[in-house]
Amino acid sequence: MTTDLESLRPPERAWTTDDLDLLPEDGRRCELLDGVILMPLRGRTHQSIAALLVVALDEDCPDGYDVTQGVEVRINRTRSFIPDVLVTTSTAAAREPSRYEPHEVVLAVEIVSPSTRSIDRVLKPALYAQAGIPFHWRIEIEDEGIVVHTYKIDPVHEVYAETGRWTKFVDTGEPFPVNLPISRITPRRV
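Rules behind the numbers
- Residues numbered from 1 in each chain as written.
- Predicted model: local features only at pLDDT ≥ 70, side-chain atom pairs only at ≥ 80, totals over all residues.
- Heavy atoms only, no water.
- Phe/Tyr/Trp six-rings, centres within 6.5 Å; stacked < 30°, edge-to-face > 60°.
- Helix = DSSP H or I, 4+ residues; strand = E, 2+ residues; numbered from the N terminus.
- Buried < 20%, exposed > 50% of the residue type's maximum accessible area, 1.4 Å probe, protein only.
- 1 Å grid on protein atoms, 1.4 Å probe; cavity = no way out; pocket = protein on both sides within 12 Å on 5 of 7 lines; lining within 4 Å.
- Points joined across faces, edges and corners; volume = space filled by probe spheres on them.

### As for the packing of aromatic side chains
Part 1: For the structure shown, the criterion picks out 3 aromatic pairs.
Part 2: Considering the side-chain rings of phenylalanine 81 and tyrosine 128, the 6.0 Å spacing of their centres and the 90° angle between planes classify their relative orientation as edge-to-face. Of the two residues, phenylalanine 81 sits in strand β5 (residues 79-81) while tyrosine 128 sits in helix α5 (residues 117-130), which places them 47 residues apart along the sequence.
Part 3: Exposure remark for tyrosine 128: the relative accessible area of 0% places this residue in the buried category.
Part 4: Judged by centre distance (6.4 Å) and plane angle (55°), the rings of tyrosine 151 and tyrosine 160 are tilted.
Part 5: A relative accessible area of 13% places tyrosine 151 in the buried class.
Part 6: Under the relative-accessibility criterion, tyrosine 160 is labelled buried at 15%.

Written out as structure tokens, the structure is:
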């Protein structure tokens, strides 16, 4: 246990992506926000939605794209996030990366967690847009069920504009045609 805690002792300066590379591969999801390390917790429902979404998107995914989950996106030396689900170019995926550069990511999906609500709703979308990621989805678990918010970047202003709020089907043509019943990404127990 001491070794685990020692590996997360902050350096005498802000954390960098070089420091992330030195951490042991122990299954922890470590993200970096302006030199501060974050270790978001993911519950069963969150992980189930992510897994179901990967399978559903992969079925519709045309050549030229790849769908995956939980792979790091290095925005810069002090910012690194791990979207819950992401669509990348197939060229980038072909190199079997352990992380992607923002220009290789076409869609970043975040499933809002109670412990990271503000980060998932406000901070990550703003930083993904500044990094130039063309599309973003935010998935909320509400009393009525799952809601998917879809966004497209305004590249001039580096912000996302909402393109839809979906409660029954996600029906969008971007980044590729998707007609996804929300029931396909709803775990058995929500």
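And the narrative resumes.
### Observations regarding the layout of surface pockets
Part 1: Approximately 180 Å³ is the volume attributed to the second largest pocket.
Part 2: Lining the second largest pocket we find 13 residues, and of these Val112, Ser113, Pro114, Arg117 and Ile141 sit closest to its centre.
Part 3: At the level of secondary structure, the elements contributing two or more residues to the lining of the second largest pocket comprise α3 (44-60), α5 and β9 (135-142).
Part 4: Looking at the lining of the second largest pocket, the element that brings in the most residues is β9, giving 3 residues.

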